[in-house]
Amino acid sequence: MIKIAVPKESEIGELRVALVPDTVARFIRLGFEVLVQSGAGLGGHFTDAEYTAAGAQVISSPEQLWGEADILLKVAPPGEQHGKMEMDWLKSGAKIISFLDPLGNPEKIQELAQRQITAFSMELIPRTSRAQSMDALSSQANIAGYKSVLIASASLPRLFPMMTTAAGTIPPAKVLVIGAGVAGLQAIATARRLGAVVEAFDIRPTVKEEVQSVGAKFVEIPIQENTTTTGGYAKEVTQNTQELIRQVLTEHVKKSDVVITTAQVQGKRAPVIVSEEMVAEMKVGSVIVDIAADRGGNCACTEPGKNICYNGVHVIGPLNLPSSLPVNASQVYAKNLLTLVKYLVKDGVMQLNFDDDIIDGACVTHEGQLRHPKVKEALLRLVKA
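Residues numbered from 1 in each chain as written. Predicted model: local features only at pLDDT ≥ 70, side-chain atom pairs only at ≥ 80, totals over all residues. Heavy atoms only, no water.

1. Quick notes on the nonpolar core
General note: in soluble globular proteins, nonpolar side chains tend to be found buried as a group.
Reasoning step 1: Core analysis: the largest hydrophobic core is formed by 42 residues, its most contacted members being L19, F27, I71, L73, I97, M122 and V341.
Reasoning step 2: Counting residues per element, the ones that place at least two in this core are β1 (3-6), α1 (21-29), β2 (33-37), α2 (48-54), β4 (71-73), α10 (326-344) and α11 (357-362).
Reasoning step 3: Top element by residues in this core is α10. It accounts for seven residues.
Reasoning step 4: Listed in part, the 30 residues of the second largest apolar core include A196, A200, F218 and I316. (Core = buried A, V, L, I, M, F, W, Y, C linked by side-chain atoms within 4.5 Å. Buried < 20%, exposed > 50% of the residue type's maximum accessible area, 1.4 Å probe, protein only. Helix = DSSP H or I, 4+ residues; strand = E, 2+ residues; numbered from the N terminus.)

Right under this line is the structure:
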């Protein structure tokens, strides 16, 4: 019987858990044995008693839990506990499925390969219709986009919706969303539900209809280069194009009460789209919420993890936004993992067919080999540096 292990997250501020009691019960019904570290779900408000009732074995020792795992399911990359590296507790041949930041930390992926660990990175699940139910980047970005608007509305010293009162009419807030991926589209939809007037920009012209479908005006900029990767993600553009974008967006940023930035490029520092000069032209009391703060931020004034005031403009750089709503973030992430494991395991055996785009795309290490070409390139750049 395959043992699935769920550790308590060791990263500071990480409140999510890889499996919730409901998905544990579903794994049990599928014939898996599930081990959960004591206290693993408390950050997401799931108790040890709930995991036990779902059929899991609750284990207090992290070393024992990691050591017994055939498949270890995690949220954040393996870290350190009490001066010991968590990945050192995994037995040779074990599998780990987690967010691993493979392009940002390729040396850690190499260590997993050297330890004969088969690793699947949730960041590298292909953006295809077939893999949609496994796409954890999207499920978590959806939550981040929602929460970013709540942060903005709570910080803005004025109302979002238009109000007609006996004392006169209050106009709606103007919101600009930069980046119309999953997080951006959810931010647009949430801001619209709160009554704001919303416009949005993305370097990918193909998302114009999606932006309009959730009620925002699309800011069009004539970009002459290809801006989309084969996986549908935004592609890093040249300095000339970045400068053109900043020039056009300056007027839109200036007139906005709220700017929410979400633009990221896989494995690289987030592009700086909102300059200090653009922030300086915003009205006093305006708000910028920079979802890309985890990758350095899209705003030149962003200080990751901090809320600062720049010339009267509140610039907020929240880190790990999905973790701020750990109940639902854990629920949807657990469903992503359940779907992926069911896809990988057939008749009680993990079957890795690397002709399959999902398996080939997400598997970064196997049988001692670093097998993902982009991770190899990132490691080579790191070595040369």
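2. With respect to the pairing of strand β12 (residues 197-201)
In summary, the side chains of a regular strand alternate between the two faces of the sheet.
Reasoning step 1: The buried fraction of β12 amounts to four of the five residues, a majority that puts the element mostly inside the structure.
Reasoning step 2: Sheet topology places strand β11 (residues 174-178) next to β12; five bridges connect them, and they run parallel. Each residue of the ladder has a partner; that of K174, found in β12, is V197.
Reasoning step 3: Once the chain exits β11 it traverses helix α6 (residues 182-193) before rejoining the sheet at β12, and the crossover so formed is right-handed. (Pairing = 2+ DSSP bridges. Right-handed = clockwise from strand over helix to strand, strands pointing away.)

3. Some remarks on helix α8 (residues 239-254)
Reasoning step 1: A rise of 1.5 Å per residue sets the reference length of α8, with its 16 residues, at 22 Å; its end C-alpha atoms lie 22 Å apart and thus fit the reference within 8%.
Reasoning step 2: A maximum bend of about 35° is found in α8 at V248.
Reasoning step 3: Burial in α8 covers these residues: T241, Q242, I245, R246, L249, T250, H252 and V253.
Reasoning step 4: The elements touched by buried residues of α8 are β11, β12, β14 (258-261) and α9 (276-280). (Expected span 1.5 Å × (residues − 1). Bend = angle between axes of the 7 residues up to and from the residue. Contact = heavy atoms within 4.5 Å.)

4. Some remarks on the side chain of H372
Reasoning step 1: Locating H372 in the fold gives a position in the loop between β21 (369-370) and α12 (373-384).
Reasoning step 2: Residue classification places H372 among the buried positions, given a relative accessible area of 10%.
Reasoning step 3: If we ignore the near neighbours within four places in the chain, the residues touching H372 are L124, D360, G361, C363 and V364.

5. A short note on the pattern of salt bridges
Reasoning step 1: Applying the stated criterion across every chain, the model contains 16 salt bridges.
Reasoning step 2: The salt bridge partner of K306 is E303, with a shortest N-O separation of 3.7 Å.
Reasoning step 3: The exposure class of K306 is partly exposed, given its relative accessible area of 49%.
Reasoning step 4: Note that R371 is salt-bridged to D360, the shortest N-O span being 2.7 Å. Pair noted here: R371 is in the loop between β21 and α12 and D360 is in helix α11, with a separation of eleven residues, a long-range link.
Reasoning step 5: You can call R371 partly exposed: its relative accessible area is 21%. (Salt bridge = Lys/Arg side-chain N within 4 Å of Asp/Glu carboxyl O.)

6. A word on the environment of A53
Reasoning step 1: Secondary-structure assignment places A53 in helix α2.
Reasoning step 2: Classification of A53 as exposed rests on a relative accessible area of 71%.

7. Observations regarding the state of the cysteines
Reasoning step 1: What the rule picks out here adds up to zero disulfides.
Reasoning step 2: Not engaged in a disulfide, the cysteine C299 finds its nearest cysteine sulfur in C301; these two sulfurs lie 4.4 Å apart.
Reasoning step 3: Among the cysteines around C309, which has no disulfide bond, C301 carries the closest sulfur, lying 11 Å off. (Disulfide = S-S within 2.5 Å.)

8. Digging into the sheet that holds strand β7 (residues 95-98)
Reasoning step 1: In spatial order, the strands read β3-β2-β1-β4-β7-β8-β20-β21; together these eight strands make up an open sheet with mixed pairing. Sheet topology places β3 (57-59) and β21 at the edges, where each strand pairs with a single neighbour.
Reasoning step 2: In terms of strand pairing, β7 meets strand β8 (residues 118-121) through four bridges, oriented parallel. Counterpart to S98 in the pairing with β8 is S121.
Reasoning step 3: Of the strands in this sheet, β1, β4, β7 and β8 touch α10, which is tilted by about 145° from β7. (Axes fitted to C-alpha atoms, helices over the stretch in contact; angles between N-to-C directions.)

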